[in-house]
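A structural walkthrough
Residues per chain are reported as follows:
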Amino acid sequence: FAVSDGRARYWIGFGAALGVTTLSKYSAAFLPLACVILLLWEKEARRFITIKNIGLAAIAFFVVLGPHLLWLVQHDFAPIHYMNDRLGDLSLNASWSERFISYVAMQILVHLVLIGVGVWGLLGSRNKSTTSLECSSLPELSQLDQRFLWVMGFGPFVITVLLGLNGSYLHPMWATAMFPLSGLIIARLLAARIELLWSPRWLIVWVLLMSFFGAIY
């Protein structure tokens, strides 16, 4: 909404959302980098980039994150030191190639359910009539919306892979934050076939799967 509508409230919401994601996981810092890529790629997204809007987003960001930043200063940035120690341990316990491969493999592993849903939807659509699928087709996305979906959906993962190829050690557990829009991407790829998942049976299956993986984790 911030880049497509431009109203101040959306820029405030954008800054606050970035603050909340940073509080939840430091690796969410890759999301703003993906935003920059979107701005560079899509001219339409730059229409509302003004000093006022950026200032509003920055204020909202620091209002949300400010107490945590103060805590970091008071405690000698303990989480940052812990992160540096963990990165050091990665280089001691395994080679760069092993860490890189395990990181990419974890990306696939955490999305096995979504990949399975996508494959099932594509195969199951053969049993649906063409007329039924056409009647429930999804609306067309604008170029801005399409690029937003792809950049924000895959951008963080691509950035981390590039960092890994540059020699950085990647942690497999970072996978949880690298595909923030994976569900929406699958839904978009399935298009009209998403109706196959709109049933109480699939809701029950999804709840059971989430409960199972939550318990395992």
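First, a word on scope: everything that follows refers to the structure included in this document.

Conventions adopted
- Residues numbered from 1 in each chain as written.
- Predicted model: local features only at pLDDT ≥ 70, side-chain atom pairs only at ≥ 80, totals over all residues.
- Heavy atoms only, no water.
- Salt bridge = Lys/Arg side-chain N within 4 Å of Asp/Glu carboxyl O.
- Helix = DSSP H or I, 4+ residues; strand = E, 2+ residues; numbered from the N terminus.
- Buried < 20%, exposed > 50% of the residue type's maximum accessible area, 1.4 Å probe, protein only.
- Expected span 1.5 Å × (residues − 1).
- Arc of directions from axis to C-beta.
- Core = buried A, V, L, I, M, F, W, Y, C linked by side-chain atoms within 4.5 Å.
- Patch = residues over 30% accessible without salt bridge, like charges linked within 9 Å, V, L, I, M, F, W, Y side chains within 5 Å.
- Areas by Shrake-Rupley, 256 points an atom, 1.4 Å probe, with all protein chains shown as cover.
- Axes fitted to C-alpha atoms, helices over the stretch in contact; angles between N-to-C directions.
- Parallel < 35°, antiparallel > 145°, perpendicular 65-115°, else oblique.
- Left-handed = near helix turned anticlockwise from the far one by under 90°.
- Contact = heavy atoms within 4.5 Å.
- Nonpolar A, V, L, I, M, F, W, Y, C, P; charged D, E, K, R; others polar.

Observations regarding the pattern of salt bridges
Following the criterion strictly, the structure yields 3 salt bridges and no others. When the shortest N-O distance is used, the salt bridge between Arg147 and Glu42 registers 3.1 Å. Within this pair, whereas Arg147 is found in helix H8 (residues 143-165), its partner Glu42 is found in the loop between helix H2 (30-41) and helix H3 (51-74), the two being separated by 105 residues in sequence. Salt-bridge contacts for Arg47 lead to Glu44; the nearest nitrogen and oxygen are separated by 3.1 Å. Classification of Arg47 as partly exposed rests on a relative accessible area of 43%. On the basis of relative accessible area, Glu44 is assigned to the partly exposed category, the value being 34%.

Looking at helix H5 (residues 96-109)
If you check H5, its first and last C-alpha atoms are 20 Å apart, about what 14 residues at 1.5 Å a residue would give, namely 20 Å. Those residues of H5 that fall on the buried side of the exposure criterion are Arg99, Phe100, Tyr103 and Gln107. Down the axis of H5, the smallest arc covering the buried residues is 100 degrees, so these residues share one side.

Notes on unusual backbone geometry
Located in the positive-phi region is Asp76, a residue other than glycine, with phi close to 55 degrees. Within the secondary structure, Asp76 sits in the loop between H3 and helix H4 (78-93). The exposure class of Asp76 is exposed, given its relative accessible area of 53%. Its identity as a non-glycine residue notwithstanding, Phe77 has a phi of 50 degrees, on the positive side. Tracing the backbone through its elements, the reader meets Phe77 in the loop between H3 and H4. For Phe77, a relative accessible area of 39% gives the class partly exposed.

Focus: the nonpolar core
Counting 13 residues, the largest nonpolar core has Ala45 and Met152 as its most contacted members. Elements with a contribution of two residues or more to this core: H2 and H8. Listed in part, the 6 residues of the second largest apolar core include Phe157, Val161, Leu170 and Phe179.

Considering a nonpolar patch on the surface
Together, Ile108, Leu109, Val110, Leu112, Ile115, Val119 and Leu123 make up an exposed nonpolar region whose accessible area comes to about 600 Å². At the level of secondary structure, the elements contributing two or more residues to the nonpolar patch comprise H5 and helix H6 (112-124). The greatest single-element share of the nonpolar patch, amounting to 4 residues, is contributed by H6. Within the secondary structure, Leu109 is located in helix H5.

Points about the packing of H5 against H8
It is at 10 Å that the axes of H5 and H8 come closest, and there the two elements cross at 170 degrees. Taken together, the axis directions place H5 and H8 in an arrangement best described as roughly antiparallel. Handedness of the H5/H8 crossing: left-handed. Side by side, H5 and H8 meet where Trp96, Phe100, Tyr103 and Gln107 of the first sit next to Phe157, Thr160, Val161, Gly164 and Leu165 of the second. Taken together, the residues that form the contact of H5 with H8 break down as 6 nonpolar, 3 polar and no charged.

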